[in-house]
Amino acid sequence: MEFDYLIVGGGAAGLSLAFHIAQEPRLATKRVLLIEPEAKNQNDRTWSFWADEPTAFDGIVAHEWRQIAFRSPGYERVIDLGRYRYKTINGLDYYRFVRRALADNPQFRFEQGSVTGLENTVAGVRATTATGDFTAGYGFDSRPPDLVKLKQPAKHRYLLQHFVGWEIETAADVFDPSTMEFMDFRGEQHQEARFIYVLPYTSRKALVEYTLFSETVLPKAEYEAALREYLSTTLGAKTYRITAEEVGAIPMTDHPLPARYGAHIINLGTRGGRAKPSTGYAFKRIQQHSARLVAALASTGHPPQDATGDKWQFHLFDTLLLDIMKRRGETTRDIFRQLFERNPVERIFRFLDETTSWADNFRVMNSVTPWPFMRSILQMLRGRPGRRR
């Protein structure tokens, strides 16, 4: 074998695994090849997460907040996060940080190119690229999943979290840099879940994002119109300059995305189901997955059979919420309002992190109106997603 580990993709998931391998002394002799088609020299995205303890990436956090705001018609609340912090990392800072950490490490080799084929062999894996083939003991695949091929619409739910975000600078003070806007549901829902998300860096600079949970993306002009309306009407920002734009669509599905493919290929990132199906948050789940993989590789020489550690009850909760979003997306606003109105934020974060106890799970589910969930449970028992009537 040319390499011990072959990592396909140098985005959040691939670089995370490489970084965790580099931090583990017991894997210091392992040869690692990372193949990525892009130069990764642009700030192409941001990742946000909440944390109640230090992380390895705190040095590149672009900004963090001690409080968040939730807003919907008839209910608004600014919430102190207590021991938690809400943090944002710019993609380019992350790429540079990990690349610098690995630059002088002789066990790592980087290739720029596309992997057109990745297959299991008797002894490991083979990756096919335009410049030739590479072999390794294990392959870690972070390429986006092909949901078109996977799709079983009669059995599972397939939605997107899609958005357009503008990083803007205003001519006057309009933002509160101490409070990030977690969800602002005060706009029209149009039978879908739609909200504004704001990361305020200063009183005049912020990322303002229009986000939707639905089955199809919108014409770009509709996102832009919603952003302009929010900036002018809600914030009163009459003069501003767009300095950067972020556009994305994250798959949100209860279709089980396999943790591995065959004996020697392990799936990472979205391909491995690390984007939480009901929220789209992925960065912290990717770090946890990488740590779990590396711990097993270091102690046994092999990836764990249960690489994700996911618990079935949280998959059930995600499925129920996705079914509600699919059937009656506009009711999502009321569900999140009830969550924030009737639960401490620490419980909500632990629930979304999938670390709550059975007792807290009951408290969370008991805090929301049961009928939408009962309808979705009925649809699950029938073995098919619900439909809007």
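This one's a predicted model, so the numbers in the text were calculated from it and none came from an experiment.

Novice: Describe the nonpolar core, naming the residues involved and giving the relevant values.
Specialist: Core analysis: the largest hydrophobic core is formed by 41 residues, its most contacted members being Ile-68, Tyr-86, Met-180, Phe-182, Leu-199, Phe-336 and Phe-340. Of all the elements in the fold, those that place two or more residues in this core are strand 5 (67-72), strand 6 (75-80), strand 13 (179-184), strand 14 (193-200), strand 15 (205-214), helix 6 (312-328), helix 7 (332-342) and helix 8 (345-352). Among the elements that line this core, the one with the most residues is helix 6, at seven residues. Excluding its chain neighbours within four sequence positions, the residues that come into contact with Phe-336 are Phe-70, Met-183, Phe-185 and Leu-321. With 37 residues, the next largest nonpolar core counts Phe-19, Phe-283, Val-294 and Ala-307 among its residues.

Novice: Any chance you could break down the environment of Gly-14 for me, citing the residues and the numbers?
Specialist: Note that Gly-14 resides in helix 1 (residues 12-23). Under the relative-accessibility criterion, Gly-14 is labelled buried at 0%. Gly-14 sits 233 residues away from Val-247 along the chain, and the two C-alpha atoms are 21 Å apart. Ignoring anything within four residues of it in the chain, the contact list for Gly-14 reads Ile-7, Gly-9, Leu-34, Ser-142 and Leu-268.

Novice: Run through the packing of aromatic side chains, naming residues and quoting values.
Specialist: Under the criterion given, the structure shown has 33 aromatic pairs. Taking 5.2 Å as the distance between ring centres and 70° as the angle between the ring planes, the aromatic pair formed by Tyr-84 and Phe-349 counts as edge-to-face. Here Tyr-84 is found in the loop between strand 6 and strand 7 (85-90), whereas its partner Phe-349 is found in helix 8, with 265 residues between them in sequence. Assessed through its relative accessible area of 0%, Phe-349 is described here as buried.

Novice: Help me get a handle on unusual backbone geometry, residues and values and all.
Specialist: Positive phi outside glycine occurs at Gln-191, with the angle close to 65°. Located in the positive-phi region is Glu-354, a residue other than glycine, with phi close to 65°. Inspection of the secondary structure puts Glu-354 in the loop between helix 8 and helix 9 (358-366).

Novice: Pulling in residues and values, what's your account of the packing of helix 8 against helix 9?
Specialist: Contact geometry of helix 8 with helix 9 gives a least axis separation of 10 Å together with a crossing angle of 110°. By the angle class used here, helix 8 and helix 9 are roughly perpendicular. Counted together, Arg-347, Arg-350 and Phe-351 of helix 8 and Asp-360, Asn-361, Arg-363, Val-364 and Met-365 of helix 9 form the full contact between these two elements. The residue inventory of the contact of helix 8 with helix 9, partitioned by class, reads three nonpolar, one polar and four charged.

Novice: Could you give me a rundown of the sheet that holds strand 13, with the residues and numbers involved?
Specialist: Strand pairing in a sheet relies on backbone hydrogen bonds, with the paired strands running either antiparallel or parallel. Read across the sheet, seven strands follow the order 6-5-13-14-15-12-16 without closing on themselves; strand pairing throughout is mixed. The strands lining the two open edges of the sheet, one partner per strand, are strand 6 and strand 16 (240-253). Strand-to-strand twist across the sheet, computed as the mean angle between neighbouring axes with direction ignored, equals 15°. Two strands pair when backbone bridges link them, and strand 13 and strand 14 are joined in this way by two bridges, in the antiparallel orientation. What sits directly across from Glu-181, in strand 14, is Val-198. Lying over the sheet, helix 4 (residues 220-234) contacts strand 12 (158-170), strand 13, strand 14, strand 15 and strand 16, oriented at roughly 50° with respect to strand 12. In the packing of helix 6 onto the sheet, the strands contacted are strand 12, strand 15 and strand 16, and the crossing angle to strand 12 comes to about 80°.

Novice: I'd love a proper account of helix 1, names of residues and values included.
Specialist: An ideal rise of 1.5 Å per residue puts 16 Å on 12 residues; helix 1 measures up with 16 Å between its terminal C-alpha atoms. Residues Ala-12, Ala-13, Gly-14, Leu-15, Ser-16, Leu-17, Ala-18, Phe-19, His-20 and Ile-21 constitute the buried set of helix 1.

Novice: Report on the pairing of strand 2 (residues 32-36), specifying residues and quantitative values.
Specialist: Across the five residues of strand 2, five count as buried, placing the element largely inside the fold. Residues Val-32, Leu-34 and Glu-36 of strand 2 are buried on one face, and the alternating residues Leu-33 and Ile-35, pointing to the opposite face, are buried as well. Relative to strand 2, strand 1 (residues 3-8) is paired through four bridges, and the arrangement is parallel. Across the sheet, Val-8 pairs through a bridge with Ile-35, a residue of strand 2.

Novice: Describe the pattern of salt bridges, listing the residues and the values that go with them.
Specialist: Side chains that carry opposite charge are capable of pairing whenever their charged atoms lie near each other. According to the stated counting rule, one finds 36 salt bridges in the structure shown. Here Arg-186 and Asp-184 are joined by a salt bridge, their closest N and O atoms 2.6 Å apart. Owing to a relative accessible area of 36%, Arg-186 belongs among the partly exposed residues under this scheme.

Novice: Can you explain the sheet that holds strand 4 (residues 61-65)? Please cite residues and give values.
Specialist: Here three strands make up an open sheet; going across it, the order is 3-7-4 and the pairing antiparallel. Edge positions in the sheet fall to strand 3 (46-51) and strand 4, since each has one partner strand and no second. Along the sheet, successive strands turn relative to each other by an average axial angle of 20°, direction set aside. Sheet topology places strand 4 next to strand 7; four bridges connect them, and they run antiparallel. Residue pairing in the sheet places Glu-64 in a bridge with Lys-87 of strand 7.

Definitions and cut-offs
All residue numbers refer to position in the chain's written sequence, counted from 1. Local features are withheld for residues below a pLDDT of 70 in this predicted model, meaning they are given only at 70 or higher, and side-chain atom pairs are given and counted only at 80 or more; totals for whole chains, interfaces and linings count all residues. Derived side-chain values reflect all non-hydrogen atoms in the structure, with water molecules and hydrogen atoms excluded from consideration. Only buried Ala, Val, Leu, Ile, Met, Phe, Trp, Tyr and Cys residues count toward a nonpolar core, and they belong to the same one when joined by side-chain atoms within 4.5 Å. Exposure is judged per residue with a 1.4 Å probe applied to protein chains only, and the accessible area is read against the type maximum: over 50% gives exposed, under 20% gives buried, and values in between give partly exposed. Under the scheme used here, helices are H or I runs from DSSP no shorter than 4 residues and strands are E runs no shorter than 2 residues, and both carry numbers assigned from the N terminus. Throughout, a contact is declared for two residues whenever any of their heavy atoms are within 4.5 Å. Working definition: a ring pair exists when centres of Phe, Tyr or Trp rings (six-membered ring for Trp) sit within 6.5 Å. Plane angles under 30 degrees give stacked, over 60 give edge-to-face, the rest tilted. An axis is simply a line fitted to the C-alpha atoms; with a helix, the fit covers only the stretch in contact. Between two such axes, the angle follows the N-to-C directions and lies from 0 to 180 degrees. For classification purposes, angles smaller than 35 degrees are called roughly parallel, those larger than 145 roughly antiparallel, those between 65 and 115 roughly perpendicular, and all remaining angles oblique. For this classification, the nonpolar set comprises Ala, Val, Leu, Ile, Met, Phe, Trp, Tyr, Cys and Pro, the charged set comprises Asp, Glu, Lys and Arg, and every other residue, Gly included, is treated as polar. A pair of strands is considered paired only if DSSP assigns at least 2 bridges between the two. By this rule, a helix spans an expected 1.5 Å times one less than how many residues it contains. A side-chain nitrogen of Lys or Arg and a carboxyl oxygen of Asp or Glu constitute a salt bridge if their distance falls within 4 Å.

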